[in-house]
Amino acid sequence: MTQYNTIKAKYPDALLLFRVGDFYETFGTDAIKTSQILGIVLTKRANGEGHIELAGFPHHSVDSYLPKLVRAGLRVAICDQLEDPKSVKGIVKRGVTELVTPGVTFNEQVLSSKKNNFLLSIHKEKEKYGLALVDVSTGEFLVSEGNLEKLLHIVHTFDPSEIIYQRSAELPSQLKNKNSFKLEDWAFQYNYAYEKLTNHFKTNSLKGFGIEEFKLGIIAAGSIFAYLVEDTHHALLQHITKIQLIPQDDYLMMDNFTLRNLEIVYPSNPQGKSLLDIIDKTATPMGGRLLRRRLILPLKSVDEINRRLNLIEFFNKEDHLKYEIQQLLKSISDLDRLMGKLASEKISPKELGYLRHSLMNIHQIKALLHPFDEVLAWLQPLNNLEEIISYLVNYLNEELPVNIAKGNVIKSGISEELDHLRGLQSKGKNFLDEMCEREIERTGISSLKISFNGVFGYFIEVRNTHKDKVPSDWIRKQTLVNAERYITEELKEYEDQILGAEEKISKIEHELYRKVCENVMIYIDAIQGNSKIIAELDCGVGLSELAVSESYTRPILNDSYSIELKEARHPIIENALPLGEKYIPNDLFLDKDSQQIIMVTGPNMAGKSAILRQTAIICLMAQVGSFVPAKYAEIGVLDKIFTRVGATDNISAGESTFMVEMNEAANILNNISERSLILLDEIGRGTSTYDGVSIAWAIAEYVHQHPTQ
């Protein structure tokens, strides 16, 4: 307990999983939390001065229990035995080998395959924030700067699982409900951060990444390295190969109200579907994450949007090619997260097998696309990885175990010593059979058998009815109720030879496997590059399948100030309709000069909210680079979409329905531009008719007469 308390004192904010023999144990308040979250038995044990609560689980079940603790918002410190208990007298040396937090984990049970798991670092000076985001599982590293509005937009857009910030600072009130952790002030120093980043990327400056001038962003990024290396013991970060600036003005902006009201990523009803659910036909985790990112960060560049639309159109025409690529995509694993596990030395042989199979499929996709190289000249070509594919095929067995300790990972012909030792093992079965027959013949004990267990090793078992036939040169090893177990000098020699061979085989395989991993690491940049291209192809293929199956058309994007939609439909409502029932389409025209504002009236259930939302969703889908649910769509690119929909209160913050509505309306009026699309669904609720009409009138008049309109 003294050892436990010393280690726990270093991690007061974390739940400590303390390895004791074959179990991970928790004590005191940690044990109470663990038993409640995991639903396991809470016991008590005397500790000299009284009793202490205790709760634990077998160490081999950690992958089942750990995700539940992390999903509950806990930081979990894993304390392992650092010495072999057999070779130590007294207390075994222990230490924390990993700190798993909501924002720092490689565990597949915690991670969502088609969603990034971001850790956000915030550094504030005066009224400006430096922001850095990292997904340790994929190696993505992003940086930005801006005011509070920018910070909140980043949080709502990237949805980080955990936030770290300076101990002497305060987290904005809007983020109080997020998983957060205070980091010591020394981690937020510019010189420390700059040195950490340049050392990691092996560069003299950060100019090549385009972030040299972003001082606050650099500080936030540096603090992430402090958190990963010093606090959470994740020093193996070779898969983080670059840091990218989140462009300030390249994307269509949507605030949290808009993302929520339009049901872009999450449905408002738990049983419902979001826009992402409807349009996501991707086959790979990388493609799914890219589509999600595109959906929350739609483009403003007409050229880039058209490049994405060209890929969809290409696959619409090449239907057979699309099908072949889609079948190959379905068998491609999560390359980004496999690279993360490889760099952090957590990759299993089976996962290395998945990587090999994925690279082989990518090689086939490259061959399929080769005849179209000229047509797809604007699409970055896939890297040729034949060399590493050949290496993995030649070095690793076809069937691979989940754990290297299971053995049989390295192919025969790679190591003479390994092949020799394996030969000893394979001949062992014949040796035992021959010995068994020989001893039966010598003793006349027909039921005699030779067996093995982990405690007593090899033994000859004889039932008690034949005890009198046992030769004098056999040595008694164990007595059972109905039988006796013996060993002979010959069997003892064989056991020493075989067990020695097993130990040597394990050691050689571990060493060779480590070398294989090191050799694959050389190709990490090329594999990550292919992952990005595969994600883009996956998005193109998926959106093409969507366009064909749902009769979507290619939108026309330009720099005009108009929106013209013909026979437009709401994709989410259309998807939810019963079989055989069709959505009634609508036409719509808006421009800067002749029809800047449309006022929609009608009875309940007439579809007023539907036409408002579908207009925004179609514009959004177009700027994502997707075909849209309309017969014709011509759209002048938007820079912002604002919505004020429905009536909700925020009583916990002292805000009534009316107050929430006024805050949302004020946010819109203070931030509109000439390229903003504004959707107001009922203004002035929660007050008198006259006041409500006055507010709605004033807002409509202000928007119409706004100097930027």
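Attention in this report is confined to the structure presented alongside it. (Residues numbered from 1 in each chain as written. Predicted model: local features only at pLDDT ≥ 70, side-chain atom pairs only at ≥ 80, totals over all residues. Heavy atoms only, no water.)

## Let's talk about the layout of surface pockets
Where empty space is left in the structure can be found by rolling a water-sized probe over the atoms. Quick note on the threshold: Here a cavity denotes grid points, spaced 1 Å and computed from the protein atoms alone, that fit a 1.4 Å probe unable to get out, and a pocket denotes an open set having protein on both sides within 12 Å along at least 5 of 7 lines; residues with an atom within 4 Å of a point are the lining. Grid points are joined across faces, edges and corners, and a volume is the space filled by probe spheres set on the points. The helix and strand labels rest on DSSP assignments: H or I over at least four residues marks a helix, E over at least two residues marks a strand, and numbering proceeds from the N terminus. Residues are grouped as follows: Ala, Val, Leu, Ile, Met, Phe, Trp, Tyr, Cys and Pro are nonpolar; Asp, Glu, Lys and Arg are charged; all remaining types, including Gly, are polar.
Quantified by volume, the largest pocket comes out at close to 1,700 Å³. Together, 50 residues line the largest pocket, and Lys 341, Lys 346, Ile 347, Ser 348 and Glu 351 are the ones closest to its centre. Elements with a minimum of two residues in the lining of the largest pocket: helix 3 (62-71), strand 5 (76-81), strand 6 (94-100), helix 12 (335-343), helix 13 (349-369) and helix 16 (489-521). Per-class residue counts for the lining of the largest pocket are 20 nonpolar, 16 polar and 14 charged.

## Here we look at empty space enclosed by the protein
One pass over the full model with this rule turns up four cavities of 30 Å³ or more. As for the largest cavity, its lining consists of Lys 115, Asn 116, Phe 118, Thr 157, Phe 158, Asp 159, Arg 289, Arg 292, Arg 293 and Ile 296. Of all elements in the fold, only helix 4 (148-158) and helix 9 (285-296) reach the threshold of two or more residues within the lining of the largest cavity. For the lining of the largest cavity, the leading source of residues is helix 9, giving four residues. Estimated volume of the second largest cavity: approximately 60 Å³. As for the second largest cavity, its lining consists of Lys 150, His 153, Ile 154, Phe 158, Ile 246, Pro 247, Gln 248, Tyr 251, Met 253 and Leu 297. Sort the elements by how many residues they give to the lining of the second largest cavity and helix 4 lands first, with four residues. Looking at the lining of the second largest cavity residue by residue, the class counts come to seven nonpolar, two polar and one charged.

## Considering the sheet that holds strand 7 (residues 119-125)
We apply this condition: Following DSSP output, two strands are said to pair if at least two bridges run between them. Two residues qualify as a contact provided that any one of their heavy atoms is within 4.5 Å of a heavy atom in the partner residue. Helix axes are fitted only over the stretch in contact, all axes being lines through C-alpha atoms; the angle between N-to-C directions runs from 0 to 180 degrees.
Taken in spatial order, the six strands of this open sheet run 11-10-7-8-9-12, and their pairing is mixed. Both outer strands of the open sheet, strand 11 (180-183) and strand 12 (244-245), are each paired with one neighbouring strand and no more. Two strands pair when backbone bridges link them, and strand 7 and strand 8 (residues 128-135) are joined in this way by seven bridges, in the antiparallel orientation. Bridging from a neighbouring strand, Ser 121 pairs with Ala 132 of strand 8. Strands strand 7, strand 8, strand 9 (140-146), strand 10 (162-166) and strand 11 of the sheet are contacted by helix 6 (residues 215-231), whose axis makes an angle of about 40 degrees with strand 8.

## Thoughts on the pairing of strand 6
Test applied: Each residue is assigned to one of three classes by its accessible area relative to the maximum for its type, calculated with a 1.4 Å probe on protein chains only: buried under 20%, partly exposed between the two thresholds, exposed over 50%.
Summarising burial for strand 6: six of the seven residues are buried, a large majority. In this structure, strand 5 lies alongside strand 6, joined through six bridges in antiparallel fashion. In the strand pairing of strand 6, Ala 77 is matched with Leu 99.

## A look at unusual backbone geometry
Positive phi, normally seen in glycine, also occurs at His 233, with a value near 60 degrees. Within the secondary structure, His 233 sits in the loop between helix 6 and strand 12. With a relative accessible area of 31%, His 233 lands in the partly exposed category. The backbone of Glu 567 shows a phi angle near 50 degrees, a positive value even though the residue is not glycine.

## Observations concerning the packing of helix 12 against helix 13
For clarity, the threshold we go by: For classification purposes, angles smaller than 35 degrees are called roughly parallel, those larger than 145 roughly antiparallel, those between 65 and 115 roughly perpendicular, and all remaining angles oblique. Crossing handedness: left-handed means the near helix sits turned counterclockwise from the far one by under a right angle, and right-handed means the same turn made clockwise.
Put simply, helix 12 and helix 13 touch, their axes get as near as 11 Å, and they point 140 degrees apart. The angle between helix 12 and helix 13 falls in the class oblique. Viewed along their axes, helix 12 and helix 13 form a crossing whose handedness is left-handed. Facing helix 12, whose interface residues are Leu 335, Leu 338, Met 339, Lys 341 and Leu 342, helix 13 presents Glu 351, Leu 352, Tyr 354, Leu 355, Ser 358 and Ile 362. Of the residues assigned to the contact of helix 12 with helix 13, the class counts are eight nonpolar, one polar and two charged.

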